[in-house]
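Reading the structure
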Amino acid sequence: MGKDIEVGTEYAPKDYQDPPPAPLIDPEELGKWSFYRAIIAEFIATLLFLYITVLTVIGYKSQTDTDHNGEQCGGVGILGIAWAFGGMIFVLVYCTAGISGGHINPAVTFGLFLARKVSLVRAIMYMLAQCLGAICGCGLVKAFQKAYYVKYGGGANMLNDGYSTGTGLGAEIIGTFVLVYTVFAATDPKRNARDSHIPVLAPLPIGFAVFMVHLATIPVTGTGINPARSFGAAVIYGKEKAWDDQWIFWVGPFIGAAIAAFYHQFILRAGAVKALGSFRSNA
């Protein structure tokens, strides 16, 4: 298999093809059914993601509530919650990757937009669909278990006691960086060309990234790293504390996604060096 090996001043032929950059605005995609199908897929995937994961969080809190016959060591525990989030991302990315790309997260969409993997129109529509799906997913949980939903916090992200705002923001930035960096690495055309015999390779590390970040940051912020997840839970829960900290779960993930996009595109894939080389060759 061919490799990018420098021989003198020549390069061996690549065994992969980088897709062309997405246009900032692509009017043609507005007339394609595939565009709207992708938006629907993002909506449904985010709805299912929030429904399953918020149910898991509320179920754990109810099973460990010692004031209502719960057991202190009962329920799935933090490990189980992390598995629920990571496992659902694995499943949903696997199901929707071929339709919408399987973003399920405005921070992922934002990072891919900065890397010119999606157009501005598609990025905005994906984010709207993700936020609406998150609201509907949490709404279903509240409709089925209203008493538990209100009593146990509705799965809303909040900065936990004992942690400063800076710590919470840092946790969200680093956690989202890990996720979005993994997305870039797992979907890199160069990697896909070499690992095409393993079709589940991309969803698996992405799901594991979500799992590992949750293990680290649940005690700090409950783990956002997904603005739609935090926004949907806050809208349906509606308590003041969830809204007081809401900005952390937007600013942090977007900063983390931007850093991951820059690191992968301009450092690892040497985007800046390639652009400079192209400029010099045309001079």
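Just so it is clear, the model here is predicted, and its values are computed rather than measured.

Another aspect to go through is the side chain of Q246. Tracing the chain through its elements places Q246 in the loop between α10 (240-244) and α11 (248-268). The exposure class assigned to Q246 is buried, which follows from its relative accessible area of 6%.

By secondary structure assignment, the location of G256 is in helix α11. With a relative accessible area of 0%, G256 lands in the buried category. Taking the C-alpha atoms as reference points, G256 and G170, 86 residues apart in sequence, are found 9.1 Å from one another. Beyond its immediate stretch of four places on either side in the chain, G256 contacts I173, T176 and F177.

Taking the numbering used here, the UniProt-annotated feature "transmembrane region" (unreviewed entry) corresponds to residues 39-60, 80-102, 123-144, 164-186, 198-220 and 247-268. Helix makes up 100% of residues 39-60 and strand makes up 0%, while its end C-alpha atoms are separated by 32 Å. Its end C-alpha atoms 23 Å apart, residues 80-102 is made of 74% helix and 0% strand.

So, about the side chain of T223. Here T223 lies in the loop between α8 (203-221) and α9 (227-237). Given a relative accessible area of 0%, T223 falls into the buried group. One polar contact links T223 to T217, side chain to side chain, over a distance of 2.7 Å. Among the polar contacts listed, one links the side chain of T223 to the backbone nitrogen of I218, at a separation of 3.0 Å. Excluding residues within four positions of it along the chain, T223 makes contact with N157, E172, V213, H214, T217, I218 and R229.

Enumeration according to the criterion identifies 15 aromatic pairs in this entry. Here the aromatic rings of F262 and F266 are separated by 5.4 Å at their centres, their planes lie at 25 degrees, and the arrangement is stacked. Within this pair, F262 and its partner F266 are both found in helix α11, separated by four residues, close to a single helical turn. Put simply, the rings of F110, F231, W243, W250 and F254 pair up and form one aromatic cluster.

With 84% of its residues at a pLDDT of 70 or more, the chain shows a mean pLDDT of 87. In this model, residues 1-12 is a region of pLDDT below 50 whose contacts with residues beyond four sequence positions or in other chains number 17 contacts.

Thresholds, definitions, all that
- Residues numbered from 1 in each chain as written.
- Predicted model: local features only at pLDDT ≥ 70, side-chain atom pairs only at ≥ 80, totals over all residues.
- Heavy atoms only, no water.
- Helix = DSSP H or I, 4+ residues; strand = E, 2+ residues; numbered from the N terminus.
- Buried < 20%, exposed > 50% of the residue type's maximum accessible area, 1.4 Å probe, protein only.
- Contact = heavy atoms within 4.5 Å.
- UniProt positions renumbered as here; feature names shortened; annotations may be inferred.
- Polar contact = N/O pair within 3.5 Å; in protein donor to acceptor, adjacent residues only side chain to side chain.
- Phe/Tyr/Trp six-rings, centres within 6.5 Å; stacked < 30°, edge-to-face > 60°.
- pLDDT = per-residue confidence, 0-100.

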